[in-house]
Amino acid sequence: MDLAYSQEEREFRAGLREWLGKVLPELPPRPSPDDWPGRRAYDLGWQRRLYDAGYAGLHWPVDAGGRGATPTQHLIFLEETERAGAPYVGANFVGLLHAGPTIAAEGTAEQRARWLPPVLRGEEVWCQGFSEPGAGSDLAALRTRAVRDGDAYVITGSKIWTSHAEVADWCELLVRTDPAAPRHRGISWLAMPMDAPGVTVRPLRTLAGTAEFAEVFLDEVRVPVTHRVGAENDGWRVTMVTLSFERGTAFVGEVVACRRTLGELARAARANGRWDDPVLRRRLGRLYGEFGALWRLTQWNVSEAQGSGGVPGIGGSVFKLAYSHARQELYEAAAEVLGAGALSLEEEWTRERLSSLSYTIAAGTSQIQRNIVAERILGLPKGR
């Protein structure tokens, strides 16, 4: 990994800064966190601006509609957009960071042509149908059934914690196509239209008061076989590709945001007198070091992904495990710095603090990440 910037990369940063300086003042006001139709429109509008300017799918392969940017250019883009306060991917999260890269890596030419351009142009939103009631994030225990009926699958079951389901056009859906197979086999990865007959969405309100998740009920939903990504019963392997993106590169922009938040906390502590507490200063200093290390790990993971054809490696589990806990501690420190005055659901700090509690569960629990690190990186024997 070369950490020095080339002339081309410096020019890329300068051009991006100039574009951001022009376009951000033109954006409309951000909608309320509870206005999901408004948030969808806002996020898709931002994605379209990125597309028109040539920044959509920056690191996606050229043959998938992306720009084929280098890992360093990708990280520069994340740094500059976050520092400028540009919108995050929002409702486009699953399509841009999970389903899209998975289809780019595993889909047929026809599937890539159908699903990738609308994601990049900001025309379609995806949600993720992995977790299930009673099974949680244990994908091997999923029970949603898909029975082959001619040129379609007939799907019955339910999903929970389905991100952005209430505003999504498509769902990356895991189903069990062979109930007699071992737990990690007999699973298939399907692209399901959310407007198909038999799909019912029930939003779920989170601890932070928002409803970005939903429970999805599937009652004999028909999905064409041509919407299967990968071979039948090979969904576990395809899912590992999806999760490698989710754990390896999907959080990189948030590391930049956390480093900025840490700076804001330090300034707030100096302003309100909390900086005089040596224990707090040490805590903030240690967090500064942790997020600096996470940024270097991010650079390494993105470089590794580029060298392996764009799919992140299992080192993403190391990042995800460390980042989840560092983010939680960051917002614990925020509560210490800001005090009771910040404890209101109207305060962004509090919403972020409550949201941080989910990070040790989302994208695979910390227990799962520890098992992956122990078994696949350290070579330790599997637990009994």
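Here is what the cut-offs are and how they apply
Residues numbered from 1 in each chain as written. Predicted model: local features only at pLDDT ≥ 70, side-chain atom pairs only at ≥ 80, totals over all residues. Heavy atoms only, no water. Helix = DSSP H or I, 4+ residues; strand = E, 2+ residues; numbered from the N terminus. Polar contact = N/O pair within 3.5 Å; in protein donor to acceptor, adjacent residues only side chain to side chain. Contact = heavy atoms within 4.5 Å. Expected span 1.5 Å × (residues − 1). Buried < 20%, exposed > 50% of the residue type's maximum accessible area, 1.4 Å probe, protein only. Bend = angle between axes of the 7 residues up to and from the residue. Phe/Tyr/Trp six-rings, centres within 6.5 Å; stacked < 30°, edge-to-face > 60°. Axes fitted to C-alpha atoms, helices over the stretch in contact; angles between N-to-C directions. Parallel < 35°, antiparallel > 145°, perpendicular 65-115°, else oblique. Left-handed = near helix turned anticlockwise from the far one by under 90°. Nonpolar A, V, L, I, M, F, W, Y, C, P; charged D, E, K, R; others polar.

Enquirer: What is the right way to read the side chain of Arg-176 from this model?
Expert: With respect to the helices and strands, Arg-176 occurs in strand S4 (residues 170-176). For Arg-176, the side chain forms a polar contact with the main-chain oxygen of Leu-142, separated by 3.0 Å. Those residues within four positions of Arg-176 in sequence are excluded, and the remaining contacts are Leu-139, Ala-140, Leu-142, Thr-144, Arg-145, Ala-146, Pro-182, Arg-183, Arg-185, Gly-186 and Ile-187.

Enquirer: Help me understand helix H3 (residues 71-83) in this model?
Expert: Since the α-helix packs 3.6 residues into each turn, any two residues three or four apart lie on the same face. Along its 13 residues, H3 runs 18 Å from first to last C-alpha, staying within 8% of the 18 Å computed at 1.5 Å per residue. Counting buried residues in H3 gives 12 out of 13 residues, a clear majority hidden from the surface. Along H3, the residues classified as buried are Pro-71, Thr-72, Gln-73, His-74, Leu-75, Ile-76, Phe-77, Leu-78, Glu-79, Glu-80, Thr-81 and Glu-82. Directly after H3, the chain includes Gly-85, whose backbone phi takes a positive value near 75 degrees.

Enquirer: Would you take a moment to explain the environment of Trp-170 for this structure?
Expert: In this fold, Trp-170 is placed in strand S4. Here the alpha-carbon distance between Trp-170 and Leu-190, two residues 20 residues apart in the chain, equals 9.9 Å. A polar side-chain atom of Trp-170 sits 3.2 Å from a polar atom in the side chain of Glu-124.

Enquirer: What should I look at first to understand helix H4 (residues 93-106) in this one?
Expert: Taking 1.5 Å of rise per residue, the 14 residues of H4 would be expected to cover 20 Å, and the 19 Å separating its terminal C-alpha atoms lies within 8% of that figure. For H4, the principal kink sits at Ala-99 and spans about 40 degrees; a proline, Pro-101, occurs within the next four residues. Most of H4 sits inside the fold, with 12 of its 14 residues counted as buried. Taken residue by residue, H4 has Phe-93, Val-94, Gly-95, Leu-96, Leu-97, His-98, Ala-99, Gly-100, Pro-101, Thr-102, Ile-103 and Ala-104 as its buried positions.

Enquirer: In this structure, what is going on with the packing of aromatic side chains? I would like to understand it.
Expert: Think of a pair of aromatic rings as described by two things: how far the centres are apart, and how the planes are tilted against each other in angle. Considering all chains together, one arrives at nine aromatic pairs under this definition. Ring geometry for Trp-19 against Trp-46: centres 5.7 Å apart, planes inclined by 35 degrees, an arrangement best described as tilted. Remark: Trp-46 occurs in helix H2 (residues 36-53) and Trp-19 occurs in helix H1 (residues 7-23); sequence separation between them is 27 residues. The same class applies to Trp-19 as to Trp-46, namely buried.

Enquirer: Please clarify how the packing of H1 against H2 should be interpreted in this entry.
Expert: Packed helices, taken two at a time, are described by their axes: the angle between them and the distance between them. Across the interface, H1 lies against H2 with an axial gap of 12 Å and an inter-helix angle of 135 degrees. As the angle between them shows, H1 and H2 are arranged oblique. For the pair H1 and H2, the sense of crossing is right-handed. Judged by residue contacts, Trp-19, Leu-20 and Val-23 of H1 engage Trp-46, Arg-49, Leu-50 and Ala-53 from H2. Its residues placed into classes, the contact of H1 with H2 shows six nonpolar, no polar and one charged.

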